[in-house]
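Coordinate inspection notes
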Amino acid sequence: ATSKNITVNTLPVPAITGAASVCVGTTGVSYTTQPGMTSYVWIISSGGVITSGSGTNNIVVTWSTAGSQTLSVNYTNSNGCTGLVPTVKNVTVNTLPVPTITGSGTICVGTTGVNYSTETGMTGYTWSVSAGGTITFGNGTNMVTISWNTTGVQTVSVNYINSNGCTANSPTIKNVTVNPIYVPTITGTNTLCISTQTYVYTTETGMNNYIWHVSSGGTITSGGTTSSRIVTVRWNTTGAQWVSVNYSNSYGCSAATSTVYPVTVNPVPVPTITGSNKVCAGTTGVVYTTQSGMTNYIWIVSAGGTITSGGTSSSNTVTVTWNTAGTQTVTVNYTNSSGCKAALPVSFSVTVSALPRPTLTGPVSVCAGTAGNVYTTQAGMINYIWNVSLGGTITAGGTSTKNTVTVTWNTVGTQIVSVNYTNSSGCTAAAPVILGV
């Protein structure tokens, strides 16, 4: 009998090397089996696509669908044997993460320390902020701190790598509206004179949470509430004072500091008048003076006097003739260098005394050569001035301190005796009294 040796070859068992866990959408994933074979047959489940290498020992795959996917291969070896069944490799295609961002979506410009956070436990955190913001802390972690510097729609974005090593195709972007802050303005009188008058100060209308303050030299008399754009102030103290305000605008934003409006409260002048406060009726050229260097002088003299010079709006003096006895007045007011004037004029009281009216008593018909003729005027006066005509001789009295004079009449004809004096008010009659003898 003839015998023949027959070699029975084992069937190949293909092996597959390559990633068993990938991220959905990953391209260029390489899978390899033994080289040097023929009739390579690769099969991939519907979640992936072979992009190159079919019919070779190395293929490149794009994984397009998340979930449990499979990849299989078979081939014919050098003995012409093919594996009984293809080798199957299970591949987990992981979903991509979708980062979320929590934090304020509406903010006021200039706000610092604003926190934004995403999921914890990830790696490779990558934050980005638009040009209107600055990351001040936390880059590379799941939470960053941002300062918002520019108004408008700004953005903050983040991406990361999850526990499966997957990263979102694109960062998550959060829009942040950065609202403007208004700087309050104040209008109102900023230079004034202290008085009982009140002054109104206003700011922008249509705002919320107004906060008004005034310095200690002022008192708010009305307005100045959280809902009021107006405040009314009485200024009680001279010097540098102020009004301040802040508010929230329609975006809910307030200025970092209140607006301060300086106010200068000037003192009112206190005019003074110098001059004679006791005069005699008919006295002329009486000068009254107040402070120099002021403006808008207003002089007033009571009805018993007449202004003869000065007394104009530019004059700090007035010259008066006093015509009528009694209590008279001179008043003045003016505007000082701060533009202030006294609430009321200053009044200067003047006592205008009546002129005396001397009388003379004594004999008016005598014989020539008669001596001892006594003439008498009011007693208690001073500066008596006696005169007799040439036909008489004073033999006693007739001095400045005597209210009598004794005369010897020497010559026949009409003679006279006259007298004047100064009374207790310092006034002298306009003319002596004359007695015909």
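Up top is the structure these notes are about.
In what follows, the accompanying structure is described. The residue count restarts for each chain, going from 1 along the sequence in the order it is written. For a predicted model such as this one, the threshold for reporting local features is a pLDDT of at least 70, and the threshold for listing and counting side-chain atom pairs is 80 or more; totals across whole chains, interfaces and linings nevertheless cover every residue. Calculated side-chain values reflect all of the structure's heavy atoms, with hydrogen atoms and water omitted.

1. Description of the packing of aromatic side chains
Each aromatic pair joins two rings of Phe, Tyr and Trp (for Trp, the six-membered one) with centres within 6.5 Å, and gets the label stacked for planes under 30 degrees apart, edge-to-face for over 60, and tilted for any other angle. Applying the stated criterion to the full structure yields 12 aromatic pairs. Between the aromatic rings of Tyr 125 and Tyr 160, the centroid separation amounts to 5.7 Å while the plane-to-plane angle is 65°, which identifies the pairing as edge-to-face. Taken together, the residues span a long stretch of sequence, with Tyr 125 in strand 10 (residues 123-129) and Tyr 160 in strand 13 (residues 152-161) at a distance of 35 residues. Accessibility here uses a 1.4 Å probe with only protein chains present; expressed as a share of the type maximum, an area under 20% marks a residue as buried, one over 50% as exposed, and anything in between as partly exposed. For Tyr 125, a relative accessible area of 11% puts it in the buried group. Assessed through its relative accessible area of 3%, Tyr 160 is described here as buried. Ring centres of Tyr 288 and Trp 322 lie 6.2 Å apart, and the angle between their planes is 80°; on these two criteria the pair is classed as edge-to-face. Of this pair, Tyr 288 sits in strand 23 (residues 286-289) while Trp 322 sits in strand 26 (residues 317-322), and the two are 34 residues apart along the sequence. When its relative accessible area of 0% is taken as the criterion, Tyr 288 is described as buried. Members of the aromatic cluster, connected to one another through ring pairs, are Tyr 201, Trp 235 and Tyr 261. A run of H or I in DSSP counts as a helix once it spans at least four residues, and a run of E counts as a strand once it spans at least two, with each numbered from the N terminus.

2. What about the sheet that holds strand 32 (residues 404-409)?
As summarised here, the arrangement of the three strands in space is 29-32-31, forming an open sheet in which the pairing is antiparallel. Two strands bound the open sheet, and with one partner strand each, they are strand 29 (373-376) and strand 31 (392-397). Across the sheet, the mean angle from the axis of one strand to that of its neighbour is 35°, orientation sign disregarded. As paired strands, strand 29 and strand 32 are joined by four bridges and run antiparallel to one another. Within strand 32, the residue paired with Thr 376 across the bridge is Thr 404. In this description, strands pair whenever DSSP reports at least two bridges between them. Every axis corresponds to a line fitted to the C-alpha atoms, with the helix fit spanning only the stretch in contact, and the corresponding angles, defined between N-to-C directions, vary from 0 to 180 degrees.

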